[in-house]
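Letter by letter, the chains look like this.
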Amino acid sequence: MQRQGRNAWLLSRRPDSFSDGGKFLQPENAIEQAYAVERAGADLLDIGGESTRPGSAETAASEESHRILPVLEALRGRLKIPISVDTRRASVAELALRAGAELLNDVSGLKNDPRIAEVAARYGVPLILMHMRGEPWTMQAGPFARNVLKDVLQGLRRSVAIARKAGVAESQIILDPGIGFGKSFAQNYELLQKLPQLAKLGHPLLVGTSRKGFLGAALARNGKPAPPEERIWGTAATVTASILGGTHIVRVHDVAEMVQVARVADCLLDPRRSPRN
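**Describing the pattern of salt bridges**
Then step 1. Scanning all chains against the criterion turns up 13 salt bridges.
Then step 2. Here K194 and E190 are joined by a salt bridge, their closest N and O atoms 2.8 Å apart.
Then step 3. What makes E190 partly exposed here is its relative accessible area of 22%.
Then step 4. Several salt bridges converge on common partners, so that one network encompasses D46, D86 and R251.

Spelled out as structure tokens, the structure:
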């Protein structure tokens, strides 16, 4: 996987999205936004229909499909960048691929429904496997792992083993350490510091830090966490750290801004990409 072309944008069709507040629940709004983020420089669009924020309730598969399929069908053949679908269910994954999705993103790392790996193998599409400790509705209640790096490495190895057994090719697998998913604020920073050790697993890395709670805590004022819309500069710092640590894809909300961050970070990483004067 090439290092250039690394910005993935999350299009959330969920009423309780922590960042956009459900602005894209109407299909026409979601479709318009998909074109907007493509113009802003996103290389990949990730569409999700089930909230996995801390404390979220489980969404029925029928509702999840109802939220994402009209958007996928409207964008098929029209959007130039590939679309990833964020789902924990094999049934939804297969419907999404039939509707035009080109990647699968399972935040449960195949724990919720291992058959997603079979779907990925059958369609020959990339599969993103994320580490999540616990379930969305319990993951931030603890207890957190004593050794977060060990916990993430073990969890991702298990996910890869399930995927490989189902027939997913090594080259199809992308790994995500799951920043903010069952980790303490300090552990999120530790994982960002130790990304080179995660890269030794031998698969491309995807990291999503955009506007997350651990940034809000670090940017707190008068004891109150910074709201999501005031976490852009903090996000930029973690995007830079992620790229320098070996990450291939960064999952962001603020595409135009993070495209600039990624371009400069790439110049730091590889001087051959620096502009000539």
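**Topic: the packing of helix α5 (residues 148-165) against helix α6 (residues 185-193)**
Then step 1. In contact at an axis separation of 10 Å, α5 and α6 are set at 70 degrees when each is read in the N-to-C sense. The orientation of α5 with respect to α6, classified from their angle, is roughly perpendicular. Where α5 crosses over α6, the two elements pack in a sense that is right-handed. Residue-level contacts link V148, L149 and V152 of α5 to Q187, E190 and L191 of α6.
Then step 2. Taken together, the residues of the contact of α5 with α6 break down into four nonpolar, one polar and one charged.

**Here we look at the packing of helix α1 (residues 27-40) against helix α2 (residues 61-75)**
Then step 1. Direction vectors running N to C along α1 and α2 enclose 45 degrees, while the axes themselves pass 9 Å from each other. Relative to α2, the element α1 lies oblique. Relative to α2, α1 is oriented so that their crossing is right-handed. Each of P27, A30, I31, A34 and Y35 in α1 lies in contact with α2, whose residues at this interface are V71, A74 and L75.
Then step 2. A class-by-class count of the residues in the contact of α1 with α2 yields eight nonpolar, no polar and no charged.

**Observations concerning the environment of P196**
Then step 1. Checked against the element boundaries, P196 lands in helix α7 (residues 195-199).
Then step 2. On the basis of relative accessible area, P196 is assigned to the partly exposed category, the value being 42%.
Then step 3. C-alpha separation for the pair P196 and T247, spaced 51 residues apart in sequence, amounts to 8.6 Å.

**Looking at the packing of aromatic side chains**
Then step 1. In total, this model carries one aromatic pair according to the counting rule given.
Then step 2. Their ring planes at 75 degrees and their centres at 4.9 Å tell us that Y189 and F214 sit as a pair that is edge-to-face. You can see Y189 sitting in helix α6 and its partner F214 sitting in helix α8 (residues 213-218), a full 25 residues away along the chain.

**Some thoughts on the pairing of strand β3 (residues 83-86)**
Then step 1. Neither face of β3 is exposed, since I83 and V85 on one face and S84 and D86 on the opposite face are all buried.
Then step 2. The sheet contact formed by strand β2 (residues 44-48) and β3 spans four bridges and is parallel. Across the sheet, residue G48 finds its bridge partner in β3, namely D86.
Then step 3. Inspection of the sheet shows β3 paired to strand β4 (residues 103-106) by three bridges, in the parallel sense. Bridge pairing in β4 places D86 opposite N105.
Then step 4. Remark: the β3/helix α3 (residues 90-98)/β4 crossover connection has right-handed handedness.

**So, a nonpolar patch on the surface**
Then step 1. A grouping of L244, V264, L268 and L269 is seen on the molecular surface, where their side chains present a nonpolar patch of about 360 Å² in accessible area.
Then step 2. Broken down by element, the residue count for the nonpolar patch peaks at three residues, all from helix α10 (residues 255-269).
Then step 3. The exposure class assigned to L269 is partly exposed, which follows from its relative accessible area of 32%.

**Description of α6**
Then step 1. All of the buried residues along α6 are Q187, N188, L191 and L192. Buried residues of α6, seen end-on, are gathered within an arc of 145 degrees and therefore sit on one face of the element. Along α6, the residues that are exposed and aim more than 90 degrees away from the buried face are A186 and Q193.
Then step 2. Summarising the contacts, the buried residues of α6 are in contact with α5, α7, β7 (206-207), α8 and α9 (232-244).

What counts, and where the lines are drawn
- Residues numbered from 1 in each chain as written.
- Predicted model: local features only at pLDDT ≥ 70, side-chain atom pairs only at ≥ 80, totals over all residues.
- Heavy atoms only, no water.
- Salt bridge = Lys/Arg side-chain N within 4 Å of Asp/Glu carboxyl O.
- Buried < 20%, exposed > 50% of the residue type's maximum accessible area, 1.4 Å probe, protein only.
- Axes fitted to C-alpha atoms, helices over the stretch in contact; angles between N-to-C directions.
- Helix = DSSP H or I, 4+ residues; strand = E, 2+ residues; numbered from the N terminus.
- Parallel < 35°, antiparallel > 145°, perpendicular 65-115°, else oblique.
- Left-handed = near helix turned anticlockwise from the far one by under 90°.
- Contact = heavy atoms within 4.5 Å.
- Nonpolar A, V, L, I, M, F, W, Y, C, P; charged D, E, K, R; others polar.
- Phe/Tyr/Trp six-rings, centres within 6.5 Å; stacked < 30°, edge-to-face > 60°.
- Pairing = 2+ DSSP bridges.
- Right-handed = clockwise from strand over helix to strand, strands pointing away.
- Patch = residues over 30% accessible without salt bridge, like charges linked within 9 Å, V, L, I, M, F, W, Y side chains within 5 Å.
- Areas by Shrake-Rupley, 256 points an atom, 1.4 Å probe, with all protein chains shown as cover.
- Arc of directions from axis to C-beta.

Interpretation note: all reported values are geometric properties and have no functional meaning in isolation.
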